[in-house]
Amino acid sequence: AILKTLRYSDHFGFPLTLSEIHLRLIGIRISQIRLTRQIRLMLKSKTIAQTLDYYHLPGRKELVARRLSRAKLSAPQRDRARMLALRLGSVPGVIAVYLTGSLAMQNSDSNSDIDFMVITQNRRLWTTRLILTIYTSFLGLRRTPRSKHNTGKLCLNLYLTPMSYSLPIHKQSLYTAYELFQTVPLYDPTLTHATLLSANSWIKNYLPNVILGSDLKGSAQPADSKAGRSDPKGFMDIIESISYHLQLLYIRP
């Protein structure tokens, strides 16, 4: 399990600290004390290697310098992401904005874009998505297939509503499990993050050491907030339907 975890992170050029190995350990629930003992044995047998506080596969020492360098490169981009998330949060229908992808892990390079996951009100996803698409395009913030320079541009790559927090079975995978628990809430006034993770308890099938909100007594209760609900309004339902069909025409090709 330790080797599998380090190999997976190696694919992204990302060596791990001891606590990160424990949190990301694939398929095995184990105490950090027992994990530490096992890692010491693996270091002695040279099955894995250590540089500074980071563990990696043998012969991959250069990844530590790369991780430290990328952390510095990511800092200004994360500041920009926070600022942009607050701007998007002012758009009607937006409940929360999460940072995802390499920048969420402080592992982006100087050419990386900014990946956001957006939580919208129930039954207002397509209207909100259309507004955000127009808004970010008008400001020149949106990454498109034709964009030549994507540094710092926004990729709004996943939308959810409180009714769709739990991802369907066909989207449940090790990759998605990592992506979900690595999300960083940048705009989340109604504290949706714990509820989102709790709704996806299948994450623990892949990463059993991850602590979800549902593991903590009395936490991760659905927020009783108007932001999370959308009362029936005939006119807005019509707008939502129109927005859906317009975007479907664009997406299908």
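What counts and how
Residues numbered from 1 in each chain as written. Predicted model: local features only at pLDDT ≥ 70, side-chain atom pairs only at ≥ 80, totals over all residues. Heavy atoms only, no water. Helix = DSSP H or I, 4+ residues; strand = E, 2+ residues; numbered from the N terminus. Buried < 20%, exposed > 50% of the residue type's maximum accessible area, 1.4 Å probe, protein only. Phe/Tyr/Trp six-rings, centres within 6.5 Å; stacked < 30°, edge-to-face > 60°. Axes fitted to C-alpha atoms, helices over the stretch in contact; angles between N-to-C directions. Parallel < 35°, antiparallel > 145°, perpendicular 65-115°, else oblique. Left-handed = near helix turned anticlockwise from the far one by under 90°. Contact = heavy atoms within 4.5 Å. Nonpolar A, V, L, I, M, F, W, Y, C, P; charged D, E, K, R; others polar. Pairing = 2+ DSSP bridges. Polar contact = N/O pair within 3.5 Å; in protein donor to acceptor, adjacent residues only side chain to side chain. Salt bridge = Lys/Arg side-chain N within 4 Å of Asp/Glu carboxyl O. Patch = residues over 30% accessible without salt bridge, like charges linked within 9 Å, V, L, I, M, F, W, Y side chains within 5 Å. Areas by Shrake-Rupley, 256 points an atom, 1.4 Å probe, with all protein chains shown as cover. Lys, Arg positive; Asp, Glu negative; His and termini not counted. Charge placed at Lys NZ, Arg CZ, Asp CG, Glu CD.

Caption draft 1: Main features of the environment of Leu139. Note that Leu139 resides in the loop between α6 (125-138) and β5 (154-160). Note on Leu139: relative accessible area 34%, which makes it partly exposed. Separated by 27 residues in sequence, Leu139 and Ser112 have C-alpha atoms that sit 19 Å apart.

Caption draft 2: The packing of aromatic side chains, seen in detail. Tallied over the full model, the rule gives five aromatic pairs. Aromatic pair Tyr8 and Phe12: ring centres 5.4 Å apart, planes at 55 degrees, arrangement tilted. Classification of Phe12 as partly exposed rests on a relative accessible area of 34%. For the pair Tyr8 and Tyr178, a centre-to-centre distance of 4.8 Å together with 15 degrees between the ring planes defines the contact as stacked. On the criterion of sequence distance, the pair formed by Tyr8 in helix α1 (residues 2-11) and Tyr178 in helix α7 (residues 174-181) is long-range, its members being 170 residues apart.

Caption draft 3: Quick peek at the packing of α6 against helix α10 (residues 234-251). Where α6 contacts α10, the two axes come as close as 7 Å, and the packing angle between them is 60 degrees. Taken together, the axes of α6 and α10 lie oblique to each other. Helix-helix and strand crossings are classified by hand; for α6 and α10 the assignment is left-handed. Contacts between α6 and α10 involve Leu125, Trp126, Thr127, Arg129 and Leu130 on the former and, on the latter, Met236, Ile239, Glu240, Ser243, Tyr244, Gln247 and Ile251. Taken together, the residues of the contact of α6 with α10 break down into seven nonpolar, three polar and two charged.

Caption draft 4: View of the pairing of strand β3 (residues 94-100). Extensive coverage of β3 is indicated by the burial of seven of its seven residues. Bridge count for β3 against strand β4 (residues 114-120) is six bridges, and the pairing is antiparallel. Along β4, the bridge assignment pairs Ala96 with Ile119. In this sheet, strand β6 (residues 184-187) lies alongside β3 in antiparallel orientation, the contact comprising three bridges. Paired with Val97 across the two strands is Tyr187, which belongs to β6.

Caption draft 5: Quick peek at the side chain of Glu20. Checked against the element boundaries, Glu20 lands in helix α2 (residues 18-24). A polar side-chain atom of Glu20 sits 2.8 Å from a polar atom in the side chain of Arg67. If we skip the residues at most four places from it in the chain, Glu20 touches Pro15 and Arg67.

Caption draft 6: Inspection of the sheet that holds β4 at higher detail. The strand order across the open sheet built from four strands is β5-β4-β3-β6, with neighbouring strands paired in mixed fashion. On the outer flanks of this sheet lie β5 and β6, each paired with one strand and no other. Taken pair by pair, the neighbouring strands of this sheet meet at an average axis angle of 35 degrees, ignoring direction. The sheet strands contacting helix α4 (residues 62-89) are β3, β4, β5 and β6, and the helix crosses β4 at an angle near 25 degrees. On top of the sheet, α6 reaches β3, β4 and β5; it is set at about 175 degrees to β5, its chief contact.

Caption draft 7: Representation of the pattern of salt bridges within the structure. For the coordinates displayed, the defined rule picks out eight salt bridges. The closest approach of N and O atoms between Glu62 and Arg60, which form a salt bridge, is 3.1 Å. A relative accessible area of 43% places Glu62 in the partly exposed class. Via salt bridges that share partners, Asp10, Arg60 and Glu62 belong to a single interconnected network.

Caption draft 8: Molecular detail of a positive patch on the surface. Together, Arg34, Arg37, Arg40 and Lys44 make up a region of like positive charge exposed at the surface. Tracing the chain through its elements places Arg34 in helix α3 (residues 32-44).

Caption draft 9: Spotlight on a nonpolar patch on the surface. On the surface, a cluster of nonpolar side chains totalling about 290 Å² of accessible area is made up of Ile238, Ile242 and Leu246. The residue Ile238 is located in helix α10 in this model.

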